[in-house]
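Chain by chain, the residues:
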Amino acid sequence: MFKNWAEFTQNLSSGPLKELRAATPEVMKNFSAMSQAALKTEALDTKTKELIALAIGVAIRCDDCIGFHAKAAAKLGATRDEIAETLGLAIYMGAGPSAMYASHAMEAFDQFKAGE
């Protein structure tokens, strides 16, 4: 196992992100509102939006993003096949580095799905 993704995201939420929320409450409140607005089901359902966010997280090489969006995709019922297609697109858009981070995303999804 490369990383324990549940522990990783929990530590981020209860540590650095909690401290950031306390230090910049208005910014983080507005960031949360933007997140809720962006994920609201309209033309695309929330699961599809989380898959897009996961692909972007891989393409920009953000482990933190990968953890949170893999967790959300698992919770919303994404299948491993949907994750694989999402990661294929991320690799296409981000080349070699995205292939490396796609392996992180697959591991994160597998761990969150197994923990449901």
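Details of the structure are given in the entry above.
In short, a report on the structure. Note that the structure is predicted; figures quoted are calculated from it, not measured.

**Notes on the layout of surface pockets**
Computed from the structure, the largest pocket encloses a volume of approximately 860 Å³. Elements with a contribution of two residues or more to the lining of the largest pocket: α1 (5-14), α2 (16-23), α3 (25-39), α4 (46-59) and α5 (63-75). Partitioned by chemical class, the residues of the lining of the largest pocket number 16 nonpolar, six polar and four charged.

**Some details on the nonpolar core**
In this structure, Leu54, Val58, Ile66, Ile83 and Leu87 are the most contacted members of the largest nonpolar core, which totals 19 residues. For this core, the secondary-structure elements that each account for two or more residues are α4, α5 and α6 (80-114).

**Observations regarding the state of the cysteines**
One way to say it: the disulfide is the covalent bond shared by the sulfur atoms of two cysteines. One pass over the structure, following the stated rule, counts one disulfide. For Cys62, the disulfide goes to Cys65, at an S-S distance of 2.4 Å. Every disulfide takes its handedness from the sign of the S-S torsion; for Cys62 and Cys65 that torsion is 70 degrees, giving right-handed. Cys62 sits in the buried class, given a relative accessible area of 19%. By relative accessible area, Cys65 is classed as partly exposed at 25%.

Each value, and the rule that gives it
- Residues numbered from 1 in each chain as written.
- Predicted model: local features only at pLDDT ≥ 70, side-chain atom pairs only at ≥ 80, totals over all residues.
- Heavy atoms only, no water.
- 1 Å grid on protein atoms, 1.4 Å probe; cavity = no way out; pocket = protein on both sides within 12 Å on 5 of 7 lines; lining within 4 Å.
- Points joined across faces, edges and corners; volume = space filled by probe spheres on them.
- Helix = DSSP H or I, 4+ residues; strand = E, 2+ residues; numbered from the N terminus.
- Nonpolar A, V, L, I, M, F, W, Y, C, P; charged D, E, K, R; others polar.
- Core = buried A, V, L, I, M, F, W, Y, C linked by side-chain atoms within 4.5 Å.
- Buried < 20%, exposed > 50% of the residue type's maximum accessible area, 1.4 Å probe, protein only.
- Disulfide = S-S within 2.5 Å.

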